[in-house]
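In case you want the letters, here they are:
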Amino acid sequence: MTLANGHVLVTGFEPFDRDTVNPSWEVARALDGWVCEGATVRAVQLPCVFGRAAERLDEALAHGMPQLVVGLGLASGRTEWTPERVAVNCDDARIPDNAGQQPIDQPVEPLGPAAYFSSLPIKAIVQALRAQGLPASVSNTAGSFVCNHVFYALMHRLATRPALAAARGGFVHVPCLPEQAALHPGAPSMALATQVQALQVLLRTALTVRADVRVTGGQLH
Ligand code: PCA
């Protein structure tokens, strides 16, 4: 299927690390087909596997030219929706991926730069989410596991493929679902309906705000 102009690609991940559900995919698929600001959302699930996740992203990018690409991933322990500021060119896995791979200090792209910034208006997104009563903060690290790998791979493709030059992209880590937190008493979580609402606000903001707002998203550590 080749989609005409005006579509948004949203990726989510399969479960990993003994989980049976991944909120990033549940949220993405809940909005598959949703039309936002004239653009149709297409949700694609990525394997939690170094290399294969980027290949699946490539297949998704080959289906028409998205104007916006948003990657979603789970960051258990986080309490808010956290648009990521920066992707680093480093795979360093604390746990094996779903294929048993555990790279240490390997580049995502051997010839790529050290890092890429998100091209989403991350500050405006945080502002818009908070204005709707949805907890959000800028994150200054996407880690060094498969989420950062996909985020870096995405930004490298947007930066180097002329056909994708006009597209914006970035990555957002999201909290656990309540059913995951119930297995780990005390862990923070956010309901699926709330997270779906957050994705709607995020996409609307990313499609309408060109220049980001100048407010701090910094942290001391
Ligand atoms: N979170 C992991 C990989 C897949 C996911 O949902 C991460 O933060 O790297």
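Summary of the structure given here. What you are looking at is a predicted structure, and each value in this text was computed from that prediction instead of being measured.

### Describing the pairing of strand β3 (residues 39–46)
Then, number 1: Most of β3 sits inside the fold, with six of its eight residues counted as buried.
Then, number 2: For strand β1 (residues 7–13) and β3, the ladder comprises seven bridges, and the chain directions are parallel. The partner of T11 across the bridge, within β3, is V44.
Then, number 3: The loop that links strand β2 (residues 35–36) with its antiparallel partner β3 comprises two residues; one of these, E37, has a positive phi angle of about 50°.

### Looking at the pairing of strand β8 (residues 168–174)
Then, number 1: For β8, a buried count of seven out of seven residues is recorded, marking the element as mostly surrounded by other parts of the structure.
Then, number 2: Two elements, strand β4 (residues 68–74) and β8, share seven bridges in a ladder whose sense is parallel. Within the sheet, the bridge partner assigned to L74 lies in β8 and is V174.

### Examining the nonpolar core
Then, number 1: Within the largest apolar cluster, 34 residues are counted, with the highest numbers of intra-cluster contacts made by L72, W81, L199 and L203.
Then, number 2: Those elements that place two or more of their residues in this core are β1, α1 (23–30), β3, β4, α3 (122–131), β8 and α6 (192–208).
Then, number 3: In terms of residue count, the dominant contributor to this core is α6 (eight residues).
Then, number 4: Residues L46, C48, F145 and A167 belong to the second largest nonpolar core, which totals 32 residues.

### Topic: the site of the ligand
Then, number 1: The immediate surroundings of the ligand are formed by F13, F16, N22, C48, G73, L74, F145, V146, C147 and H173.
Then, number 2: Between the ligand and V146 there is a distance of 3.4 Å, counted from an oxygen atom to a backbone nitrogen or oxygen.
Then, number 3: In the model, an oxygen atom of the ligand is placed 2.8 Å from a nitrogen or oxygen of the H173 side chain.
Then, number 4: Bound to the protein, the ligand loses 93% of the 260 Å² it would expose on its own.
Then, number 5: Elements with a minimum of two residues in the shell around the ligand: β4 and α4 (146–160).
Then, number 6: Considering only residue class, the shell around the ligand consists of seven nonpolar, three polar and no charged.

Conventions we followed
Residues numbered from 1 in each chain as written. Predicted model: local features only at pLDDT ≥ 70, side-chain atom pairs only at ≥ 80, totals over all residues. Heavy atoms only, no water. Buried < 20%, exposed > 50% of the residue type's maximum accessible area, 1.4 Å probe, protein only. Helix = DSSP H or I, 4+ residues; strand = E, 2+ residues; numbered from the N terminus. Pairing = 2+ DSSP bridges. Core = buried A, V, L, I, M, F, W, Y, C linked by side-chain atoms within 4.5 Å. Near = heavy atom within 4 Å. Polar contact = N/O pair within 3.5 Å; in protein donor to acceptor, adjacent residues only side chain to side chain. Areas by Shrake-Rupley, 256 points an atom, 1.4 Å probe, with all protein chains shown as cover. Nonpolar A, V, L, I, M, F, W, Y, C, P; charged D, E, K, R; others polar.

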